[in-house]
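# Structural overview for review
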Amino acid sequence: MRVVVTGASGFIGGHLVHALTGQGHDVVPVDVNGPDRCDLATGDLTALAGADVVLHLAGRPGVRASWGDGAAAAWRDNVTATERLLAACAATRPRFVLASSSSVYGSADRPCAEDDPIDPRSPYAASKAEAERLAHKAAANGLPVVILRYFSVYGPGQRPDMAFHRFIEAALDGSPAPLYGDGAQSRSFTYVGDVVDATVRAAGTPLPPGTVLNIGHPTTTSLRDALDRIADLLGTPAPTVAKDVAPGDVARTWAGTTRAAELLGWTATTGLDDGLAAQIDWHRGRRRA
Ligand SMILES: NC(=O)c1ccc[n+]([C@@H]2O[C@H](COP(=O)([O-])OP(=O)(O)OC[C@H]3O[C@@H](n4cnc5c(N)ncnc54)[C@H](O)[C@@H]3O)[C@@H](O)[C@H]2O)c1
């Protein structure tokens, strides 16, 4: 299979390229920070030629960064880029997988199902909701699109702006990391290997165009609990400094995963302690290198 992976130089995209290459696929990595320097919002899209599958992970992630000046950048990289990519695929109709986000749901008081109403509470979430709308429009015009809503992904290579990365580095350095809010906010933290597995399955499974799937661990864990686990695994606490809760930072995300189990045969299998241990190994390895 010829598979175009956008966002290939990023955290999840890098793992995805590695997995697909290992399975013998013909992988075409695309990223504005990659050797091709392809900006999907403005650039030449000939890399898409001959693709059987497009896995569209490129984007501008992060709720906090999407306020103020970040809003225009989030719109450009999450909406304009997706719109151009969908248009470029209209004639050849490869299977198209869009990386969306649990943030479109707002806050959850029970496991979210894909048909629940959305409630985006930040410019980032709104940009992902708009990318989804464009994907549904393309699906109605015959593009075989699948939308994956990823839930707080962690593991080796995690982005430096994300909570576990900050906490582990803080514990290793003994210098405090910001903790936004009281730490009671909880997330369906999902190991990157499980996310890659789900994405590879979506790439190879014929599904009704416009199918939306939650890709998240069914257990929701508070940041305080995660901090305790990191401290146990490292044998030293991660110092934190209290910061105001970030606007748009919801109290809880919670993945309902029945549909992904039914349609992809996928459930997240990596528990938080194992996943955190792998991420800690990666942080330690970087320091030795
Ligand atoms: N990491 C998470 O917890 C999480 C959760 C939900 C959704 N997502 C989504 O999954 C995708 C991957 O997330 P990640 O954590 O790996 O992010 P990342 O920032 O590590 O990777 C995104 C990549 O996209 C590239 N990119 C951005 N704009 C581009 C453009 N205009 N043209 C070409 N390349 C561009 C960046 O250079 C980067 O390498 C994103 O779309 C993100 O919104 C991530």
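Cut-offs and rules
- Residues numbered from 1 in each chain as written.
- Predicted model: local features only at pLDDT ≥ 70, side-chain atom pairs only at ≥ 80, totals over all residues.
- Heavy atoms only, no water.
- Helix = DSSP H or I, 4+ residues; strand = E, 2+ residues; numbered from the N terminus.
- Rg over C-alpha atoms; globule rule 2.2 N^0.38 Å.
- Buried < 20%, exposed > 50% of the residue type's maximum accessible area, 1.4 Å probe, protein only.
- Contact = heavy atoms within 4.5 Å.
- Areas by Shrake-Rupley, 256 points an atom, 1.4 Å probe, with all protein chains shown as cover.
- Lys, Arg positive; Asp, Glu negative; His and termini not counted.
- Charge placed at Lys NZ, Arg CZ, Asp CG, Glu CD.
- Salt bridge = Lys/Arg side-chain N within 4 Å of Asp/Glu carboxyl O.
- Near = heavy atom within 4 Å.
- Polar contact = N/O pair within 3.5 Å; in protein donor to acceptor, adjacent residues only side chain to side chain.
- Nonpolar A, V, L, I, M, F, W, Y, C, P; charged D, E, K, R; others polar.
- UniProt positions renumbered as here; feature names shortened; annotations may be inferred.
- Phe/Tyr/Trp six-rings, centres within 6.5 Å; stacked < 30°, edge-to-face > 60°.

- Looking at an unreviewed UniProt entry, one finds the protein chain named Nucleoside-diphosphate-sugar epimerase and attributed to Actinoplanes lobatus.

### A short note on the overall build of the protein chain
- Helix and strand counts for the protein chain stand at eight helices and twelve strands.
- What you see for the protein chain is a C-alpha radius of gyration of 18 Å, in line with the 19 Å of a compact globule of 289 residues.
- Counting the 289 residues in the protein chain, one finds 53% classified as buried.
- Taking the contacts inside the protein chain whose residues are at least 6 apart along the sequence as the reference set, 82% of them involve residues at least 24 apart.
- Accessible area of the protein chain: about 12,200 Å², with a carbon and sulfur share of 52%.
- Seen as two clouds, the 27 positive and the 31 negative side-chain charges of the protein chain have centres 2 Å apart.

### Quick notes on the pattern of salt bridges
- Under the defined criterion, the tally for this structure stands at 17 salt bridges.
- Residues Arg286 and Glu169 are paired through a salt bridge, measuring 3.2 Å at the closest nitrogen-oxygen approach. Residue Arg286 is located in helix α8 (residues 272–288), and its partner Glu169 is located in helix α4 (residues 163–173); the two are separated by 117 residues in the primary sequence.
- The exposure class assigned to Arg286 is partly exposed, which follows from its relative accessible area of 41%.
- Arg287 is the partner of Asp173 in a salt bridge, and the nearest nitrogen-oxygen pair spans 2.8 Å. With Asp173 in helix α4 and Arg287 in helix α8, the pair connects residues that are 114 residues apart, well separated along the chain.

### Quick look at the site of the ligand
- With respect to spatial proximity, 28 residues lie near the ligand, and among them Phe11, Asp31, Tyr124, Val153 and Arg159 are the closest.
- Here a nitrogen atom of the ligand sits 3.1 Å away from a polar atom, N or O, in the main chain of Val32.
- Contact between the ligand and Lys128: an oxygen atom at 2.9 Å from a side-chain N or O atom of the residue.
- Isolated, the ligand exposes 820 Å² of accessible area, and the fraction of that covered by the protein chains is 92%.
- At the level of elements, α1 (11–22), α2 (70–89), β4 (95–101) and α3 (123–140) are the ones that each hand at least two residues to the shell around the ligand.
- Ranked by residue count, the leading element in the shell around the ligand is β4, at three residues.
- A breakdown of the residues in the shell around the ligand according to their chemical character gives 14 nonpolar, eight polar and six charged.

### Structural notes on the UniProt feature "domain: NAD-dependent epimerase/dehydratase" (unreviewed entry) in the protein chain
- As recorded in UniProt, the feature "domain: NAD-dependent epimerase/dehydratase" (unreviewed entry) lies at residues 3–216.
- In this annotation, residues 3–216 is assigned 35% helix and 19% strand; the end-to-end C-alpha distance for the span is 23 Å.

### Observations concerning the side chain of Ser222
- Inspection of the secondary structure assignment puts Ser222 in strand β11 (residues 221–222).
- Of note is the side chain of Ser222, whose polar atom sits 3.0 Å from the backbone nitrogen of Asp225.

### Comments concerning the packing of aromatic side chains
- Considering all chains together, one arrives at four aromatic pairs under this definition.
- Look at Tyr105 and Phe151: their rings are 6.3 Å apart centre to centre, the planes differ by 35 degrees, and that puts the pair in the tilted class. Linking Tyr105 in the loop between β4 and α3 with Phe151 in the loop between β5 (145–150) and β6 (153–154), this pair joins segments that are 46 residues apart in sequence. Here the two residues Tyr105 and Phe151 agree in accessibility, since each one is buried.
- With 5.7 Å between their ring centres and 65 degrees between their planes, Tyr154 and Tyr191 make a pair best called edge-to-face. Of the two residues, Tyr154 sits in strand β6 while Tyr191 sits in strand β9 (residues 190–191), which places them 37 residues apart along the sequence.
- An aromatic cluster of at least three residues, connected via ring pairs, comprises Tyr154, Phe164, Phe189 and Tyr191.

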